[in-house]
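Residues per chain are reported as follows:
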Amino acid sequence: PGACPALCECSEPAKTVKCVNRNLTAVPPDLPPYVRSLFITGNPLTDLPAGAFPAQRLPDLASLNLSGNHLRTVEAGSLALPALRQLDLSGNALVSLSPQAFGEGGSPLEELALRGALRDHGVLLSLAALLQAGALRNLSRLELADNGLLLLPASMFTALPALRQLDLSNNSLVGLRNVSFQGLGQLQSLNLSDNSLGVLWNSTLAQFRSLPALRHIVLGHNTWVCDCAIEDLVAWLKESDQVEGKEALTCASPDKMLGKALLKINGSDLNCSVPTDLPSQLQTSYVFLGIVLALIGAIFLLVLYLNRKGIKKWMHNIRDACRDHMEGYHYRYEINADPRLTNLSSNSDV
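Residues numbered from 1 in each chain as written. Predicted model: local features only at pLDDT ≥ 70, side-chain atom pairs only at ≥ 80, totals over all residues. Heavy atoms only, no water.

Undergrad: Describe the layout of surface pockets, and please don't skip the residues or the numbers.
TA: Space inside the largest pocket adds up to approximately 160 Å³. Surrounding the largest pocket, Val 218, Gly 220, His 221, Asn 222, Trp 224, Glu 244, Gly 245, Ala 248, Leu 249 and Thr 250 form its lining. Taken together, the residues of the lining of the largest pocket break down into 4 nonpolar, 5 polar and 1 charged. (1 Å grid on protein atoms, 1.4 Å probe; cavity = no way out; pocket = protein on both sides within 12 Å on 5 of 7 lines; lining within 4 Å. Points joined across faces, edges and corners; volume = space filled by probe spheres on them. Nonpolar A, V, L, I, M, F, W, Y, C, P; charged D, E, K, R; others polar.)

Quick look at the structure:
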């Protein structure tokens, strides 16, 4: 106990162990119990099984850097450490992340870095489930940059009341309309730079306004579409002091607006003659049409019910008329079919 693993470098005074670029395929089983900061990076490590870091042997491990390995699976209970505050899983090609990776009772984790580790969509959904379950309620910093994310699960961040910094930069996010930021009362910094955002809708802007601590929003290098839908965003930028470097935000399309600063856009530039939020307008129209059709159907059924006796009599009259008509056809057929009655029918009115 207390010895340094053969392929690692240890410093007991600094409570640090480094196992960097040592061709490790598994976590060393003989890590010294005094370790507080552990670096296992640049190794062909592919799996973190349950008990990879025994809580009894590593009671003081607070900072764990596993970046730049080849991790693919993080199994249940593999990161259940009682003192863990910082975890870096960046630069791994994760394909499986257990929602119970941090144990059943939650984790004291405060900082989680997953830069470039969520390329697999299934892992993103697993992370969302883990966060929504409240396993990381103490998290104050979450880094999800460089993952090529297009959309985020709607309620991914709602169980993170202590979150202060959220980094979503350098992804491919095309919208945030479905994402809820409610409950992030401590959020101070939100980085949305280097994405594919074309507009931020009023619902998202209202959430930003409602977060009392949010004072640093980064929106640079997005593909802003400067048509009528961007009016609300422009108005918000002009009145808000939350956005850093908002003077540098420019239009990416259409061509006539290319390079124009968002803060310099006015109503005459956009020439809007239709509602900006067409999807919601269409949705409202469809709902109204459905209500009208339902009302018409109810009135029709009520009229039928009130006139049921007359309708029944009318149906009987139609039935009797049809029966008499068919009997007349039957009678004529019998006459025409009998040659003895043919001459009779032509000389009489039988």
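Next, the rest of the story.
Undergrad: Lay out the nonpolar core in plain terms, naming residues and giving numbers.
TA: By size, the foremost hydrophobic cluster in this structure holds 85 residues, and its most contacted members are Phe 53 and Phe 157. For this core, the elements supplying multiple residues, two or more each, are strand S2 (16-20), strand S3 (37-41), helix H1 (121-132), helix H2 (202-210) and helix H3 (231-239). Per element, the largest residue contribution to this core is 6 residues, and it comes from H1. With residues up to four places along the chain from it excluded, the contact list for Phe 157 reads Leu 142, Leu 144, Leu 152, Leu 166, Leu 168, Val 179, Ser 180, Phe 181 and Leu 184. (Core = buried A, V, L, I, M, F, W, Y, C linked by side-chain atoms within 4.5 Å. Buried < 20%, exposed > 50% of the residue type's maximum accessible area, 1.4 Å probe, protein only. Helix = DSSP H or I, 4+ residues; strand = E, 2+ residues; numbered from the N terminus. Contact = heavy atoms within 4.5 Å.)

Undergrad: Report on the UniProt feature "transmembrane region" (unreviewed entry) in the protein chain, specifying residues and quantitative values.
TA: When the UniProt feature table is mapped onto this chain numbering, "transmembrane region" (unreviewed entry) sits at residues 286-306. Note that residues 286-306 is 100% helix and 0% strand, and that its end C-alpha atoms are spaced 30 Å apart. (UniProt positions renumbered as here; feature names shortened; annotations may be inferred.)

Undergrad: Before we move on, can you summarise empty space enclosed by the protein with the specific residues and values?
TA: Scanning all chains against the criterion turns up 1 cavity of 30 Å³ or more. Of the volumes computed, that of the largest cavity is approximately 40 Å³. Across the lining of the largest cavity, the residue classes tally to 9 nonpolar, no polar and no charged.

Undergrad: Would you mind going over the environment of Leu 127 in detail, with residue names and values included?
TA: With respect to the helices and strands, the residue Leu 127 is situated in helix H1. When the C-alpha positions of Leu 127 and Pro 99 are compared, they lie 6.9 Å apart, and in sequence the two are 28 residues distant.

Undergrad: Describe in detail the environment of Asn 43, supporting the description with residues and values.
TA: Inspection of the secondary structure puts Asn 43 in the loop between S3 and strand S4 (47-48). By relative accessible area, Asn 43 is classed as buried at 0%. Expressed as a C-alpha distance, the spacing of Asn 43 and Leu 66, which sit 23 residues apart in the sequence, is 9.1 Å. Not counting residues up to four positions away in its chain, the partners in contact with Asn 43 are Cys 19, Asn 21, Arg 22, Asn 23, Leu 24, Gly 68, Asn 69 and His 70. Reaching out from Asn 43, the side chain makes a polar contact with the backbone oxygen of Cys 19 at a distance of 3.0 Å. (Polar contact = N/O pair within 3.5 Å; in protein donor to acceptor, adjacent residues only side chain to side chain.)

Undergrad: Describe in detail the sheet that holds strand S11 (residues 165-167), supporting the description with residues and values.
TA: Spatially, S1-S2-S3-S5-S7-S9-S10-S11-S12-S13-S15 is the arrangement adopted by the 11 strands of the open sheet, whose pairing is mixed. Unpaired on one side and paired on the other, strand S1 (9-11) and strand S15 (243-244) mark the two borders of the sheet. Relative to strand S12 (residues 189-191), S11 runs parallel, the two sharing 3 bridges. For Asp 167, the partnering residue across the bridge sits in S12 and is Asn 191. (Pairing = 2+ DSSP bridges.)

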